[in-house]
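# Commentary on secondary and tertiary structure
Residues per chain are reported as follows:
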Amino acid sequence: MDKDSLWEAIRGIFEKNVSATTYSTWIATVKPISLANNQLTLELPSPLHRDYWNDKLADSLVEYAYKITKKDIVPKFVLEGELRNSKPVDHLEDIDSDDLDDSDDDFMRNTHLNPNYTFETFVIGKGNQMAHAAALVVSEDPGKMYNPLLLYGGVGLGKTHLMHAIGNKIVKDRPEANIKYVTSESFTNDFINAIQNHQTEAFRREYRNVDVLLVDDIQFFADKDGTQEEFFHTFNDLYENRKQIVLTSDRLPNEISKLQDRLVSRFAWGLSVDITPPDLETRIAILRAKAEADGINVPTDTLNYIAGQIDSNVRELEGALSRVHAFAKFKQVPITTDLVSEALRGLNKGDAKPKITVEGIIKMVSNYFNVSTEDLKGKKRVKTIVTPRQIAMYLSRTLTNSSLPKIGTAFGGKDHTTVIHAYDKIEEALKSDESLKGQVEDLKDKLKQ
Ligand SMILES: Nc1ncnc2c1ncn2[C@@H]1O[C@H](COP(=O)(O)OP(=O)(O)OP(=O)(O)O)[C@@H](O)[C@H]1O
C-alpha cells in the first residue's frame, strides 16, 4: 500500500468519526509525504496543526492505520519548511524493503528532494537573483561551470529551496542521474554509523557514485575532524570525476571556525554566492505566490501588511501566513488586516519573545559591566572593556538575526571578522570558564525578559 492510499483510507475513517469543522480544519489540510519503514510522514500547514494532531488525533490515526494495514504505523508530522530536516532513509540501516513504496513515491526515490522546492516556486528578488541564476546554470549543465556551487546566507532565506530546485530540475531533465541530498549532519551520522557497522566501503560507494551531491548546512562540519577528513576525500573524488557538488552554509567557509584550510580552499574553487534578506516587494511577491499556491484568499492590503510586519526571513513569513490561515479557519472568518494583526499579536504573546536588538544588547551589557556604550563601540584594548565587548558581540550573533557586517557596524564600524573572532573567543571560553558562563546566562535571561 502506498502513502496516498493509506492516507485516503485513514482520512475516510476520520471523516465518519469527527465533526465537519474538525475534519475541514485539521484533517482535510494534511498532505501525505512518504511511507517508509512503517513511518507515515504527513505534512501539516502550521505549528498549531501539529500541536493539535499530537494532542488529539495521533492516537486515533495509529488505531485506524492498524485497522487498515495490520501494522504499527508510526506517524511523523512535519511542517513544510521542515521537510529537509526529516531524517532521510538511510541506506546503511536495515530497512525492510517490503515497506518501501518507491514505485510512485518521488520524495523517496529522488533521494529526499522536496518536490515543492523548484525553480518555478522560487520568487526572484534583489537579494537572491544571483544565487538563482547560478543555481539555474548548474542545474542545466551540472559539473561544468561552477563546481562547487556554494550558496550562503542567513537562516530561512531559500538556500535549501534553491539546492532542491537544482536537484529536482536535474532529475526531471536527466532521470538517469544519481542525485544525493544530505545535510552535513546526515553525512556525519552516516559516516559514524558506517564506522560502527564496519561499512565504510559501502558508505564510500554510496557517496562517491553520485552524479550530483547536495550538502546542506556545511557549517555543522566545524569541529568534526574525522568527518571533514572523509568529506575531503569524497569531495576530491567527485570533483576529479567532474561530478557536481552544491553546498549551503550560513556563512563563508573561511568564517567557519574549525573548518580545515584544505576544505576552505576547495570550497572556494567554484562559485560562492550569497543570499540576503528579501526587500518588501519580494516579501509581498513571495506571500502572494504562497497564498495562491495554497488556495488562501488574502486581500492585497492584508498581504502588504503581513510583509511589512515580518521582515526577518522567508520561513517566518510563510509561518505567519500559515498561522493567519489556521486562525481564520479556526474562527471561521475571512482573512482581513484586523484578523492578521490579532493572529500575529497572539504569535508574539505565545512565543513570549520580545525582539532583541544589537543596540539593546549593547545597552544591557554596558549596564551589567559598568562600561560605557562608547567604550563597547570603541577601540580600547584593556581587558575590562574587551571582554564585555566580545560578550556583547557574542550575544548579538546568538540572539538576533543581524548579519555579521550589521553587527560590526553597530559596534562602531568594526569589520565582520572582528565579530567572528569575538564569537569564537567567547564560545571557546564558555567551555571552561564557569563564571563567564554564569554572566552570559544571566545576560541572556535579562535580555529575554
Ligand atoms: N525566494 C523564495 N521564493 C519562494 N519561497 C522561498 C523563497 N525563499 C525562501 N522560500 C521558502 O522559505 C522557506 C525557508 O527556506 P529554506 O529552507 O530554503 O531556507 P534556508 O536558507 O535553507 O534556511 P536555513 O539556513 O535555516 O537552512 C522554505 O519554505 C522556502 O520554500
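Basis of the calculations
- Residues numbered from 1 in each chain as written.
- Predicted model: local features only at pLDDT ≥ 70, side-chain atom pairs only at ≥ 80, totals over all residues.
- Heavy atoms only, no water.
- Pairing = 2+ DSSP bridges.
- Helix = DSSP H or I, 4+ residues; strand = E, 2+ residues; numbered from the N terminus.
- Axes fitted to C-alpha atoms, helices over the stretch in contact; angles between N-to-C directions.
- Contact = heavy atoms within 4.5 Å.
- Expected span 1.5 Å × (residues − 1).
- Buried < 20%, exposed > 50% of the residue type's maximum accessible area, 1.4 Å probe, protein only.
- Right-handed = clockwise from strand over helix to strand, strands pointing away.
- Core = buried A, V, L, I, M, F, W, Y, C linked by side-chain atoms within 4.5 Å.
- pLDDT = per-residue confidence, 0-100.

## Some remarks on the sheet that holds strand 2 (residues 39-44)
With mixed pairing, the three strands of this open sheet are ordered in space as 1-2-3. The open sheet has two edge strands, strand 1 (31-36) and strand 3 (74-79), and neither has a second partner. For this sheet, the mean angle separating the axes of adjacent strands, direction not counted, is 25 degrees. In this sheet, strand 2 lies alongside strand 1 in antiparallel orientation, the contact comprising five bridges.

## Let's talk about the environment of Phe187
Here Phe187 lies in helix 7 (residues 184-196). Through-space distance from the C-alpha of Phe187 to that of Asp216 is 9.7 Å; in sequence the pair is 29 residues apart. Contact partners of Phe187, with chain neighbours within four places excluded, come to Val182, Phe203, Tyr207, Phe221, Thr227, Glu230, Phe231 and Thr234.

## Remarks on helix 17 (residues 383-399)
The terminal C-alpha atoms of helix 17, which comprises 17 residues, lie 24 Å apart, in line with the 24 Å expected from a rise of 1.5 Å per residue. The buried fraction of helix 17 amounts to 13 of the 17 residues, a majority that puts the element mostly inside the structure.

## Focus on the pairing of strand 2
Of all six residues in strand 2, five are buried, a share of seventy percent or more. Connecting strand 1 to the antiparallel partner strand 2 that follows it, the hairpin turn spans two residues, and Asn37 within it adopts a positive phi of roughly 55 degrees. Pairing between strand 2 and strand 3: six bridges, direction parallel. Following the sheet pairing, Leu40 is matched in strand 3 by Pro75. In this view, the connection linking strand 2 to its parallel neighbour strand 3 by way of helix 3 (residues 47-69) has right-handed handedness.

## Quick word on the nonpolar core
One finds Ile361, Val365, Ile391, Tyr394, Leu395, Phe411 and Val440 to be the most contacted residues of the largest nonpolar core, which totals 28 residues. For this core, the secondary structure elements donating two or more residues are helix 15 (358-369), helix 17, helix 18 (404-410), helix 19 (416-430) and helix 20 (434-448). It is helix 17 that provides the largest number of residues to this core, a total of seven residues. In this view, Val440 contacts Ile391, Tyr394, Leu395 and Leu430; residues no more than four positions away in its chain are not counted. Of all hydrophobic cores here, the second largest spans 25 residues; its members include Tyr207, Ile218, Ala222 and Ile245.

## Brief notes about the confidence of the model for the protein chain
Per-residue confidence for the protein chain gives a mean pLDDT of 86; residues scoring 70 or more make up 91%. When mean pLDDT is compared element by element in the protein chain, strand 7 (residues 244-249) scores highest at 97, while helix 4 (residues 106-109) scores lowest at 37. Segment residues 85-110 is flagged for pLDDT under 50; beyond a separation of four residues in sequence, or across chains, it makes 55 contacts in the model. Confidence over residues 348-352 falls short of pLDDT 50; this stretch has two contacts with residues more than four positions distant or in other chains.

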